[in-house]
Amino acid sequence: LKCVNEGSTHGAVNFPEVDMKMDSNIETHRVLITHYNKPGVMSAINNCFSEVKANICQQFLNTKGSIGYVVVDTDIQTSATVKEKLEKFENVVKVRVLY
């Protein structure tokens, strides 16, 4: 259930384990990104958020072999724009807007 509600992959066997707590003190917007574990991919992902003037409040990344998984909380609603941009990156496998 934590996977569906928070994007947690804790206990995953064949996928990077990520378990980031939700910050209840501020309203954040969470985006889940599965990507290929290659140099420069995280820089491109973070730049995408920067381009839309979103501040990354929290971020948790883990990799396993050739796959990376990152959970990103931002301070503003940028989900649709960021998702559209990230889905165009060749090294991004899947983008899910959680809330």
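First things first, this report covers the structure right here in the doc. (Residues numbered from 1 in each chain as written. Predicted model: local features only at pLDDT ≥ 70, side-chain atom pairs only at ≥ 80, totals over all residues. Heavy atoms only, no water.)

**As for the environment of phenylalanine 60**
Now for step 1: Position of phenylalanine 60 among the secondary structure elements: in strand 2 (residues 56-64).
Now for step 2: Each C-alpha atom, one on phenylalanine 60 and one on valine 72, is 6.8 Å from the other, the two residues being 12 residues apart in sequence. (Helix = DSSP H or I, 4+ residues; strand = E, 2+ residues; numbered from the N terminus.)

**Notes on the environment of threonine 34**
Now for step 1: Relative to the elements of secondary structure, threonine 34 occurs in strand 1 (residues 29-36).
Now for step 2: Judged by its relative accessible area of 12%, threonine 34 is buried.
Now for step 3: Taking the C-alpha atoms as reference points, threonine 34 and valine 93, 59 residues apart in sequence, are found 5.4 Å from one another. (Buried < 20%, exposed > 50% of the residue type's maximum accessible area, 1.4 Å probe, protein only.)

**Thoughts on the sheet that holds strand 1**
Where strands meet in a sheet, backbone hydrogen bonds hold them as pairs that are either parallel or antiparallel.
Now for step 1: Pairing in this open sheet of 4 strands is antiparallel, and the strands run 2-3-1-4 from one edge to the other. Each edge of the open sheet is held by one strand with a lone partner, namely strand 2 and strand 4 (92-97). Here the strands of the sheet are splayed against their neighbours by 15 degrees on average, with no regard to which way each runs.
Now for step 2: On the sheet, helix 2 (residues 41-51) packs against strand 1, strand 2 and strand 3 (67-74) and is oriented at approximately 150 degrees with respect to strand 1.
Now for step 3: Against the sheet, helix 3 (residues 79-86) makes contact with strand 1 and strand 4, and its axis sits at roughly 170 degrees relative to strand 4, the strand it touches most. (Pairing = 2+ DSSP bridges. Axes fitted to C-alpha atoms, helices over the stretch in contact; angles between N-to-C directions. Contact = heavy atoms within 4.5 Å.)

**A few points about the packing of helix 2 against helix 3**
Now for step 1: Their axes nearest at 10 Å, the elements helix 2 and helix 3 cross at an angle of 145 degrees. Seen along the crossing, helix 2 lies across helix 3 with a hand that is right-handed. Every residue of helix 3 that contacts helix 2 at Ile45, Cys48, Phe49 and Glu51 is listed here: Val82, Lys85 and Leu86. (Left-handed = near helix turned anticlockwise from the far one by under 90°.)

**Remarks on the nonpolar core**
Now for step 1: Ile33, Ile45, Phe49, Val82 and Leu86 are the most contacted members of the largest nonpolar core, which totals 15 residues.
Now for step 2: For this core, the secondary structure elements donating two or more residues are strand 1, helix 2, strand 3, helix 3 and strand 4.
Now for step 3: Here the element with the most residues in this core is helix 2; it accounts for 5 residues.
Now for step 4: Aside from chain neighbours lying at most four places away, what touches phenylalanine 49 is Val31, Ile33, Ala54, Ile56, Val72, Thr74, Thr78, Val82 and Leu86.
Now for step 5: Within the second largest apolar cluster, 5 residues are counted, among which are Val18, Leu32, Tyr69 and Leu98. (Core = buried A, V, L, I, M, F, W, Y, C linked by side-chain atoms within 4.5 Å.)

**Details of helix 2**
Now for step 1: Residues of helix 2 that are buried include every one of Val41, Met42, Ile45, Cys48 and Phe49, and no others. With its buried residues spanning 120 degrees around the axis, helix 2 presents them on a single face.
Now for step 2: The secondary structure elements touched by the buried residues of helix 2 are strand 1, strand 2, strand 3 and helix 3.
Now for step 3: Looking at the residues trailing helix 2, positive phi occurs at lysine 53, about 65 degrees. (Arc of directions from axis to C-beta.)

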